[in-house]
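The chain contents come next:
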Amino acid sequence: MAKTYDFPSDLLAGQEELHQVRAELLELLKRLPWSVEPLDAFSDDYGWRKVERPASPGWTPDEQAEVEKLRERERELAVFVSCHRFWAELATEEKVEARTRLKHTRDS
């Protein structure tokens, strides 16, 4: 039987917020133009596969600020979760399994 872990509520909340921030960032990046800076369209069929990109107007300062804000929050949460005092309570051989379970707590 798989071992269960009694994760502290702040660790669970941090992991959940990390999932949310990463999902927000991914959705934002999907909506934004492919290039941060304005660039012309291009087509390259000299490599092993053809690459084409439409012209990119670039990101607005507000879009750049939003991406940076989400990336900074993602870093803060990743550090909080990975350095949480809970991990010091576990035996070394349990940490990988416990971390995996924490990542997937919302799946169950």
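That block above? That's the structure.
In this text, all values refer to a predicted model and were calculated from it rather than measured experimentally. (Residues numbered from 1 in each chain as written. Predicted model: local features only at pLDDT ≥ 70, side-chain atom pairs only at ≥ 80, totals over all residues. Heavy atoms only, no water.)

Before going further, it helps to examine the environment of alanine 23. By secondary structure assignment, the location of alanine 23 is in helix H1 (residues 9-31). It is 23 Å that separates the C-alpha atoms of alanine 23 and glutamate 97, two residues lying 74 residues apart in sequence. (Helix = DSSP H or I, 4+ residues; strand = E, 2+ residues; numbered from the N terminus.)

Here the focus is the side chain of serine 56. Within the element layout of this structure, serine 56 appears in the loop between strand E2 (51-53) and helix H2 (61-82). Looking at serine 56, the relative accessible area reads 4%, which means it is buried. Here serine 35 takes part through its backbone oxygen, which lies 3.2 Å from a polar atom of the side chain of serine 56. (Buried < 20%, exposed > 50% of the residue type's maximum accessible area, 1.4 Å probe, protein only. Polar contact = N/O pair within 3.5 Å; in protein donor to acceptor, adjacent residues only side chain to side chain.)

Attention now moves to a nonpolar patch on the surface. On the surface, Trp34, Leu39 and Phe42 cluster together to form a nonpolar patch covering roughly 270 Å² of accessible area. With relative accessibility at 41%, the residue leucine 39 sits in the partly exposed group. (Patch = residues over 30% accessible without salt bridge, like charges linked within 9 Å, V, L, I, M, F, W, Y side chains within 5 Å. Areas by Shrake-Rupley, 256 points an atom, 1.4 Å probe, with all protein chains shown as cover. Salt bridge = Lys/Arg side-chain N within 4 Å of Asp/Glu carboxyl O.)

Moving on to the pattern of salt bridges. Tallying each qualifying case throughout the model produces 11 salt bridges. The salt bridge involving arginine 73 is made with glutamate 17; its shortest N-O contact spans 2.9 Å. Placement of the pair is arginine 73 in helix H2 and glutamate 17 in helix H1, with a sequence separation of 56 residues. The partly exposed category is assigned to arginine 73, whose relative accessible area is 30%. A salt bridge links glutamate 74 to arginine 22, with the shortest nitrogen-to-oxygen separation between them at 2.8 Å. Residue glutamate 74 is located in helix H2, and its partner arginine 22 is located in helix H1; the two are separated by 52 residues in the primary sequence. Connected through salt bridges with shared partners, the residues Glu17, Arg73 and Glu76 form a single ionic network.

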